Amino acid sequence: MSEIRALIVDDSSVMRKIVERALRQAGLDLQPVHEAGNGAEALELLKAKQVDLILSDINMPAMDGLEFLRQIRARNLAPGVPVVMITTESSEEHVKQAILAGARGYIRKPFTAEQVKERVLPLLA
Amino acid sequence: MPVSLRESVGLIADPRNLDATIEEVFDLMLGVHCTREPGPLAQEPEAVTAVVGFGGALSGACVFSMGISAALAIAGRMTGVEFAEVDDIVKDGVGEICNMLAGAWKGKVPELAAHCGLSVPAVITGSDYRLHVQAPEFQLRHRYRFDGASFAVTIVCDGLR
């Protein structure tokens, strides 16, 4: 697979590294990986950087993942770029909200690298 | 439609849900098996505690407490890096595990998963503190061990709709 420019949004720097590791284990050639600690930081980053894939937590300070999704759609940032939510919130309602807001995938924490591979790779094909 | 969890309190307070939660999170995120142990958590001079609050249909908190050795082991397992002291990365990792414990625990009961929110984690260092809850509906406190380190997880519910 060709080089993928990824944006990982999570208020935990440890989780950002774990998600990055899982993406690399899935066989993705990440060049480069951008990181943001919340939705507001991610929006700023998207104004300046182009990405091919976004993975975002939901529960974050300043701007949560669902609002981040709504904002990138409203501002037409990263059009066509798949967004996958990676979060501890796993109810049907949360999944529905995320899909309605524009998410293309949903991964529940805790997760395995295999789950990340299964949910993310089809979106990049 | 208003949601009442009172009829499900037996299921919510089932201690097996907490054991299953620990097994799931530690197996998937750290690749370790934890064994439940009786008795209180051995006191270390300094401790690390992460707290994630519950809000909505259930109010309360998930409290994840341990000594320094367990905190270092957990962060080391998460990141693949060896830590010598409790720095911001270690605190971040402990907080994130607490977040996953809280989310996985509430996910065991569908009504709770849908109608109970989580706060972002707060991490406390030091052991000179008390957790005060005026009239808890229920409280679960289990101690576990892995790789020679031990930790405790407390679920305290001080309100149920």
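Not measured: the values here are computed from a predicted model.

Q: Quick question: what am I supposed to make of the overall build of chain B here?
A: Of the regular secondary structure elements, chain B holds 5 helices and 7 strands. Reading the helices (α) and strands (β) of chain B from amino to carboxyl end gives α-α-β-β-β-α-α-α-β-β-β-β. Along the three orthogonal principal directions, the C-alpha set of chain B runs to about 50 × 30 × 30 Å. Evaluated residue by residue, chain B yields a buried proportion of 50% over its 161 residues. Of all intrachain contacts in chain B linking residues separated by at least 6 positions in sequence, the fraction that spans at least 24 positions is 69%. Here chain B displays about 7400 Å² of accessible surface, and carbon together with sulfur accounts for 51% of that area. The distance from the centre of the 12 positive side-chain charges to the centre of the 20 negative ones in chain B is 6 Å.

Q: Sorry if this is basic, but what is going on with the overall build of chain A here?
A: Secondary structure summary: chain A contains 5 helices and 5 strands in total. The N-to-C order of helical and strand elements in chain A reads β-α-β-α-β-α-β-α-β-α. Here the C-alpha atoms of chain A give a radius of gyration of 13 Å, agreeing with the 14 Å that 2.2 N^0.38 yields for 125 residues. Taken along the three principal axes of its C-alpha coordinates, chain A extends 35 × 30 × 25 Å. Taken over 125 residues, chain A has a buried fraction of 57%. At a minimum sequence separation of 6, the contacts of chain A that also span at least 24 residues come to 66%. Summed over all atoms, the accessible surface of chain A reaches about 5400 Å², with 46% contributed by carbon and sulfur. Where the 16 positive side-chain charges of chain A centre and where its 17 negative ones centre are 2 Å apart.

Q: I'm lost on the packing of helix H1 (residues 13–25) of chain A against helix H4 (residues 88–106) of chain B in this one. Help?
A: Relative to each other, H1 of chain A and H4 of chain B sit at 75°, their axes nearing to 7 Å. Here H1 of chain A is positioned roughly perpendicular relative to H4 of chain B, judged by the angle of their axes. Contacts from Ser13, Val14 and Met15 of chain A of H1 of chain A reach H4 of chain B at Ile89, Asp92, Gly93, Glu96 and Met100 of chain B. The class makeup of the residues in the contact of H1 of chain A with H4 of chain B is 4 nonpolar, 2 polar and 2 charged.

Q: What should I look at first to understand the interface of chain A and chain B in this one?
A: One frequently used descriptor of interface size is the decrease in accessible area upon assembly of the parts. Between chain A and chain B, the residue contacts involve 21 residues of the former and 23 residues of the latter. Of the roughly 1700 Å² buried at the junction of chain A and chain B (both faces included), carbon and sulfur atoms supply 58%. On the chain A side of the interface with chain B, the three residues burying the most area are Val14, Thr88 and Pro110 of chain A, jointly 32% of the side's total. Counting across the interface, chain A meets chain B through 3 salt bridges. When the shortest N-O distance is used, the salt bridge between Glu96 of chain B and Lys109 of chain A registers 2.8 Å.

Q: Just to check I follow, could you spell out the pairing of strand S7 (residues 149–160) of chain B for this structure?
A: It is a general feature of regular strands that their side chains alternate between the two faces of the sheet. Residue and element names in this part refer to chain B. Burial analysis of S7 places 11 of its 12 residues in the buried class, the great majority of the element. Where strand S3 (residues 58–67) lies against S7, 9 bridges are found, and the strand directions are antiparallel. The residue bridging Ser65 from the neighbouring strand is Ala152, located in S7. Hairpin connection between strand S6 (residues 138–146) and S7: a loop of 2 residues separates the two successive antiparallel strands, and Asp147 in this loop has a positive phi of roughly 45°.

Q: Just to check I follow, could you spell out helix H2 (residues 15–30) of chain B for this structure?
A: In an α-helix there are 3.6 residues to a turn, and that puts residues three or four apart on one side. In a regular helix each residue adds 1.5 Å, so 16 residues correspond to 22 Å; H2 of chain B covers 22 Å between its end C-alpha atoms and thus fits that length. Downstream of H2 of chain B by a residue or two, Gly31 of chain B has a phi angle that is positive, lying close to 65°.

Q: Looking at this model, I keep getting lost on the side chain of Thr21 of chain B. Mind explaining?
A: Residues and elements named next belong to chain B. With respect to the helices, strands and loops of the structure, Thr21 is situated in helix H2. Judged by relative accessible area, which is 1%, Thr21 ranks as buried. Side-chain polar atoms of Thr21 contact the backbone oxygen of Asn17, separated by 2.7 Å.

Q: Just to check I follow, could you spell out the pairing of strand S2 (residues 29–36) of chain A for this structure?
A: Residue and element names in this part refer to chain A. When strand S1 (residues 3–9) meets S2, the two strands line up parallel, connected through 6 bridges. Across the sheet, Glu3 pairs through a bridge with Asp29, a residue of S2. Chirality of the crossover, the property in question, places the unit of S1, H1 and S2 among those that are right-handed.

The rules behind these values
- Residues numbered from 1 in each chain as written.
- Chains lettered and ligands numbered in written order.
- Predicted model: local features only at pLDDT ≥ 70, side-chain atom pairs only at ≥ 80, totals over all residues.
- Heavy atoms only, no water.
- Helix = DSSP H or I, 4+ residues; strand = E, 2+ residues; numbered from the N terminus.
- Buried < 20%, exposed > 50% of the residue type's maximum accessible area, 1.4 Å probe, protein only.
- Contact = heavy atoms within 4.5 Å.
- Areas by Shrake-Rupley, 256 points an atom, 1.4 Å probe, with all protein chains shown as cover.
- Lys, Arg positive; Asp, Glu negative; His and termini not counted.
- Charge placed at Lys NZ, Arg CZ, Asp CG, Glu CD.
- Rg over C-alpha atoms; globule rule 2.2 N^0.38 Å.
- Axes fitted to C-alpha atoms, helices over the stretch in contact; angles between N-to-C directions.
- Parallel < 35°, antiparallel > 145°, perpendicular 65-115°, else oblique.
- Nonpolar A, V, L, I, M, F, W, Y, C, P; charged D, E, K, R; others polar.
- Buried area = accessible area lost by both parts, 1.4 Å probe.
- Salt bridge = Lys/Arg side-chain N within 4 Å of Asp/Glu carboxyl O.
- Pairing = 2+ DSSP bridges.
- Expected span 1.5 Å × (residues − 1).
- Polar contact = N/O pair within 3.5 Å; in protein donor to acceptor, adjacent residues only side chain to side chain.
- Right-handed = clockwise from strand over helix to strand, strands pointing away.

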